[in-house]
Amino acid sequence: MMGKNSELKALWLAFIAYFTYYYNRKSVTLVFPQLIQEGLTQQDAGTIISSQSVAMALVTFGAGILSDRFPAKHMVCFGLLVCAMSTLLFPTGTSVGQYSLYWFINGLGQGFSLPSLLKLTRENSTPTRFATNWSVVLISVNFAGVSNPFITAYLSQTYYWRTSVYISGVLTLLVASTCFILLDSPGDSDEHGEKSDTSAKNNKNKHDDGRWLDIIQHPLVLMCIISRFSVAVTRQGVGDWSQIYLVNEQHLDVYLSSTFISLVEIGGIFGKLIAGRISDILLRRAIAAGGPGAESDGQLKLEARLPVSIAMLSFSALALHLYCFHIKHNTSLPVLAVTALLLGINASGNVVNLSVIATEISPKRAGLCASLVNLSAKG
């Protein structure tokens, strides 16, 4: 049985690592104004950003499969190391081609972030705390998204953009070293809550034989893929197009439309925590009702967590209906706020729950299942 202190240490490191991944990912994007002043065009900036995005899309699926074979500690540290090296090289570039190459390499490292940290969290969580712990790790992205613009703006304005990017690279390298030193070595314990439970090892699940065809054809995998795709469409559509839609089509003023988008993000933070907590509470109750051996019953875990996703998909549909048909130029602020919070809570909350469900469908191929589900969000 893993110690509480060991679990807490691993989760804090996962939180810090994910924060650093995201901080590093945006470290160049936020200094583009200064790069443009030096002669970089907006088209060049788009090329650099796209090179990172393409690399992330290419490697994320493969990294998920690799996470079934390699220790999470090594994958977390390797990804951070690649990000650190490419970031330290970026300021030495002298052409768009070099900048794009360095940031493409950065995207390769970034692709290891989600699969490795999901596995690290799963390995250091009991089944009834997995969703809660993963939701806490995921909100590190929200904290990074809020703090990064201010930190980067200060550093780039005070010390110039190259120093700001160098600092991001050094910070990422330090976090990689810290994770390598402080994370427990692989083999100290097995996966989440199944450390020494022989009944879990002897649990015969027809989908745990690891065959790709069985996993891809699993109804729950297909359901998670479709649900994750719909969640991604909702989040990206609202996040990327609300400013244009609300101002140009519904004639809201810029202040109200910005408030709406901010409330969606705030709702996302609470949604992640709410989804993780409720999912684990339902699982805990199901295990208590199931009696001895229930904790190792994979089917029971799925049945306990599914109602959370179904409810959140339903509330997302309601929120989208309000967004499309009831948000007008004369809509009151309370209605705008409720719609935004509903969208944020349920869309972001479902990201947590669907990731957890995907890893529990086939524990031996958790990385593959999670990669299939997360890949659907890349479209």
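Fair warning: this is a prediction, and the values are worked out from it, not measured in the lab.

Rules and cut-offs
- Residues numbered from 1 in each chain as written.
- Predicted model: local features only at pLDDT ≥ 70, side-chain atom pairs only at ≥ 80, totals over all residues.
- Heavy atoms only, no water.
- Helix = DSSP H or I, 4+ residues; strand = E, 2+ residues; numbered from the N terminus.
- Buried < 20%, exposed > 50% of the residue type's maximum accessible area, 1.4 Å probe, protein only.
- Contact = heavy atoms within 4.5 Å.
- Phe/Tyr/Trp six-rings, centres within 6.5 Å; stacked < 30°, edge-to-face > 60°.
- UniProt positions renumbered as here; feature names shortened; annotations may be inferred.
- Salt bridge = Lys/Arg side-chain N within 4 Å of Asp/Glu carboxyl O.
- Axes fitted to C-alpha atoms, helices over the stretch in contact; angles between N-to-C directions.
- Parallel < 35°, antiparallel > 145°, perpendicular 65-115°, else oblique.
- Left-handed = near helix turned anticlockwise from the far one by under 90°.
- Patch = residues over 30% accessible without salt bridge, like charges linked within 9 Å, V, L, I, M, F, W, Y side chains within 5 Å.
- Areas by Shrake-Rupley, 256 points an atom, 1.4 Å probe, with all protein chains shown as cover.
- Expected span 1.5 Å × (residues − 1).

Participant: Mind showing me how you'd approach the overall build of the chain here?
Facilitator: Across its full length, the chain carries 15 helices and zero strands. Residues classed as buried in the chain amount to 51% of the 379 residues present. Taking the contacts inside the chain whose residues are at least 6 apart along the sequence as the reference set, 82% of them involve residues at least 24 apart.

Participant: I keep staring at the packing of aromatic side chains and nothing clicks. Help me out?
Facilitator: Describing an aromatic ring pair means giving the distance of the ring centres and the angle of the ring planes. Taken as a whole, this structure holds 12 aromatic pairs when the rule is applied. Between Tyr99 and Trp161, the aromatic rings sit 6.5 Å apart at their centres with planes inclined by 75°, giving edge-to-face as the arrangement. Within this pair, whereas Tyr99 is found in helix α5 (residues 96–110), its partner Trp161 is found in helix α8 (residues 161–182), the two being separated by 62 residues in sequence. For Tyr99, a relative accessible area of 7% corresponds to the buried category. Ring centres of Tyr154 and Tyr159 lie 6.5 Å apart, and the angle between their planes is 85°; this geometry places the pair in the edge-to-face category. These aromatic residues form a ring-pair network of at least three members: Phe90, Tyr99, Trp103, Tyr160 and Trp161.

Participant: Just to check I follow, could you spell out the UniProt feature "transmembrane region" (unreviewed entry) in the chain for this structure?
Facilitator: Within the UniProt annotation, "transmembrane region" (unreviewed entry) is assigned to residues 7–25, 45–66, 75–93, 130–151, 163–183, 254–275, 306–323 and 335–358. For the annotated span residues 7–25, helix accounts for 100% and strand for 0% of the residues, and the straight-line distance between the end C-alpha atoms is 27 Å.

Participant: What should I look at first to understand the pattern of salt bridges in this one?
Facilitator: For side chains of opposite charge, pairing can occur when their charged atoms come near one another. Going through the model one piece at a time under the given rule, you end up with six salt bridges. Ionic pairing is found between Glu123 and Lys119, a salt bridge with its closest N-O pair at 3.9 Å. Here the residue Glu123 and the residue Lys119 both occupy positions in helix α6 (residues 113–123), the gap between them amounting to four residues, near one helical turn. Considered together, Glu123 and Lys119 belong to a single accessibility category, that of buried residues. Note that Glu360 and Arg305 form a salt bridge whose closest N and O atoms lie 2.9 Å from each other. Here the residue Glu360 occupies a position in helix α14 (residues 333–361), and Arg305 occupies one in helix α13 (residues 298–325), the gap between them amounting to 55 residues. Pair check on accessibility: Glu360 and Arg305 agree, each one buried.

Participant: Would you mind showing me how to read unusual backbone geometry here?
Facilitator: As a rule of thumb, non-glycine residues mostly have phi less than zero, and peptide bonds are mostly trans rather than cis. You will see that Tyr160, though not glycine, has its phi angle at about 80°, which is positive. Relative to the elements of secondary structure, Tyr160 occurs in the loop between α7 (130–159) and α8. Tyr160 sits in the partly exposed class, given a relative accessible area of 38%. One non-glycine residue with positive phi stands out, namely His251, at about 60°. When you line up the elements, His251 lands in the loop between α11 (219–249) and α12 (254–290).

Participant: Please clarify how the packing of helix α1 (residues 4–25) against α7 should be interpreted in this entry.
Facilitator: Packed helices, taken two at a time, are described by their axes: the angle between them and the distance between them. Contact geometry of α1 with α7 gives a least axis separation of 8 Å together with a crossing angle of 40°. As the angle between them shows, α1 and α7 are arranged oblique. Judged by the twist between their axes, the crossing of α1 over α7 is right-handed.

Participant: Honestly, a nonpolar patch on the surface in this entry has me stumped. Any pointers?
Facilitator: Taken together, the side chains of Ile266, Phe270, Ile274, Ile278 and Leu341 make up a nonpolar region of the molecular surface, amounting to roughly 400 Å² of accessible area. Relative to the assigned elements, Leu341 resides in helix α14.

Participant: Where do I start with the environment of Ala304 in this structure?
Facilitator: Position of Ala304 relative to the elements: it lies in helix α13. Since its relative accessible area comes to 7%, Ala304 is described here as buried. Separated by 21 residues in sequence, Ala304 and Leu283 place their C-alpha atoms 5.1 Å apart.

Participant: For this particular structure, what's the right way to read the side chain of Gln34?
Facilitator: Residue placement: Gln34 occurs in helix α2 (residues 32–37). Residue Gln34 is classed as buried on the basis of its relative accessible area, which comes to 12%. Leaving out residues up to four positions away in the same chain, Gln34 has contacts with Ser156, Gln157, Tyr160 and Trp161.

Participant: Could you clarify how one ought to interpret α14 in this entry?
Facilitator: Because each turn of an α-helix spans 3.6 residues, side chains separated by three or four positions end up pointing in the same direction. For α14, with 29 residues, the first-to-last C-alpha span of 42 Å sits near the 42 Å given by 1.5 Å per residue. In terms of burial, α14 is a largely internal element, 22 of the 29 residues being buried.

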